[in-house]
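What follows is each chain in one-letter form.
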Amino acid sequence: MLVRRVWPSRPTFDGPLADFDQVRREMLRLLDAVAGDTFGDVGAGVFPPMNITQDNDNFYVRAEVPGINPNELSISAVRNRVSLAGKREIQREHDRVSYHRRERAEGSFNRTVTLPTEVDAERVDARYADGILTLTLPKAEETKPRQITVRT
Amino acid sequence: MAKEARMDIQKTEKAGVPTVPEQTRPGAVYSPSVDIFENDNAITVLADMPGVKAQDLKIDLHESVLTLTGRVTPPNSGKESDVLREYQSGTFFRQFTLSETIDQAKIDAKLSAGVLRLELPKVEKARPRQIAVRTD
């Protein structure tokens, strides 16, 4: 399978060409979105931002969702689709406070991503630590790559 | 209150920062989203720093400049290949200038679920006082 790298995994923010690199990555991202690639919803503008990786056995979905109660997350997997829904509430502070900055967002979210192959929905594992949700989705047995030995 | 909570969260891109002291550590630097509010007794800072562990978070208050630095160790074991990449892991960095005098000994920081809550109590003399007017 062709794995398309959205942008180099190691960003170079230092050095004199840093700005160019930033622009280049932004352009690539826009081009991908226009081309309507399978994974063209890169930076889909949907909360939460997700990273998906894979190895031979599993897909790993990681999402940045700081400050939520993991019990209020609803995660479902069917065939090759994973859905993640939940709500992020920001606790109300005492009445007599004045705000200097208010940048943290609250609200509900509901996001579905499609994986390249089907997964074994029975054995999906979810962990929440330090504001990052990690899902481990074992690939379905029949879609796993097999090593074929050549007989001579 | 409940009405606000029902709105969908808008996704915001992590903002890169041109840091004042140039970084020598490789990797990206991001600015965490913060809420800052104050009442008569304290200034409170809430910062979203997903992926930062308590031991990798540095809070520094020096000459009324508050510096937050949180390093994120990428979770990828190295054997995994990318399928979709929407966010990058890097260092969270942000600085604030605090106008009020802060009681440095009583600063309290708590990190839970990737959110830092920093309480900066004001020193006694910086607290506003209600002055009662006496009449004869």
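Reading the values: rules and limits
- Residues numbered from 1 in each chain as written.
- Chains lettered and ligands numbered in written order.
- Predicted model: local features only at pLDDT ≥ 70, side-chain atom pairs only at ≥ 80, totals over all residues.
- Heavy atoms only, no water.
- Salt bridge = Lys/Arg side-chain N within 4 Å of Asp/Glu carboxyl O.
- Helix = DSSP H or I, 4+ residues; strand = E, 2+ residues; numbered from the N terminus.
- Buried < 20%, exposed > 50% of the residue type's maximum accessible area, 1.4 Å probe, protein only.
- Pairing = 2+ DSSP bridges.
- Axes fitted to C-alpha atoms, helices over the stretch in contact; angles between N-to-C directions.
- Phe/Tyr/Trp six-rings, centres within 6.5 Å; stacked < 30°, edge-to-face > 60°.
- Lys NZ or Arg CZ within 6 Å of the ring centre and 35° of its normal.
- Contact = heavy atoms within 4.5 Å.

1. Looking at the pattern of salt bridges
In step 1: On inspection of all chains with the given rule, the structure shows 15 salt bridges over all chains.
In step 2: Glu80(B) is the salt-bridge partner of Arg62(A), the closest N and O atoms lying 3.3 Å from each other. With one member in each of two chains, Arg62(A) in strand β2 (residues 58-64) and Glu80(B) in the loop between β6 (65-72) and β7 (81-85) form a pair that bridges those chains. With respect to burial, Arg62(A) and Glu80(B) carry one shared label: buried.
In step 3: Linking Arg94(B) and Glu103(A) is a salt bridge whose minimum nitrogen-to-oxygen distance equals 2.8 Å. Residue Arg94(B) is found in strand β8 (residues 91-97), and its partner Glu103(A) is found in the loop between β5 (98-102) and β6 (107-114); the two belong to separate chains.
In step 4: Note on Glu103(A): relative accessible area 34%, which makes it partly exposed.
In step 5: Here the salt bridges do not stand alone but share partners, grouping Arg88(A), Arg104(A), Asp35(B) and Asp48(B) into one network.

2. Topic: unusual backbone geometry
Residues and elements named next belong to chain A.
In step 1: Phi is positive for Asp-130, close to 55°, though the residue is something other than glycine.
In step 2: Relative to the helices and strands, Asp-130 resides in the loop between β7 (125-129) and β8 (132-138).
In step 3: Of the residues examined, Asp-130 reaches a relative accessible area of 25% and is grouped as partly exposed.

3. With respect to the environment of Ser99(B)
Residue and element names in this part refer to chain B.
In step 1: Of note, Ser-99 is situated in the loop between β8 and β9 (108-112).
In step 2: The exposure class assigned to Ser-99 is exposed, which follows from its relative accessible area of 72%.
In step 3: Linking Ser-99 and Ser-64, residues 35 residues apart in sequence, is a C-alpha distance of 7.1 Å.

4. Some points on the sheet that holds β2(A)
In step 1: Reading across from one edge, β7(A)-β8(A)-β2(A)-β1(A)-β7(B) is the order of the five strands in this open sheet, with antiparallel pairing throughout. Because the sheet does not close on itself, it has two edges, and the strands there are β7 of chain A together with β7 of chain B. Between one strand axis and the next, the sheet turns by 20° as a mean value, whatever way the strands run.
In step 2: Note: β7(A) against β8(A), five bridges, orientation antiparallel. Looking at the pairing, Arg127(A) lines up with Thr134(A) of β8(A).

5. Overview of the packing of aromatic side chains
In step 1: Evaluated as defined, the whole model comprises two aromatic pairs over all chains.
In step 2: Where Tyr99(A) meets Phe37(B), the ring centres are 5.1 Å apart and the plane angle is 55°; that geometry is what we call tilted. In this pair, Tyr99(A) is assigned in strand β5 and Phe37(B) in strand β3 (residues 34-38), connecting two distinct chains.
In step 3: For the cation-ring pair, Arg102(A) lies above Tyr99(A), with the distance from its terminal atom to the ring centre recorded as 4.1 Å.

6. Some remarks on the environment of Ala140(A)
All names here are of chain A.
In step 1: On the secondary structure map, Ala-140 appears in the segment after β8.
In step 2: Sequence separation of Ala-140 and Val-119 is 21 residues, and the distance between their C-alpha atoms is 4.5 Å.
In step 3: Apart from residues lying up to four places away in sequence, Ala-140 is in contact with Glu-118, Val-119 and Asp-120.

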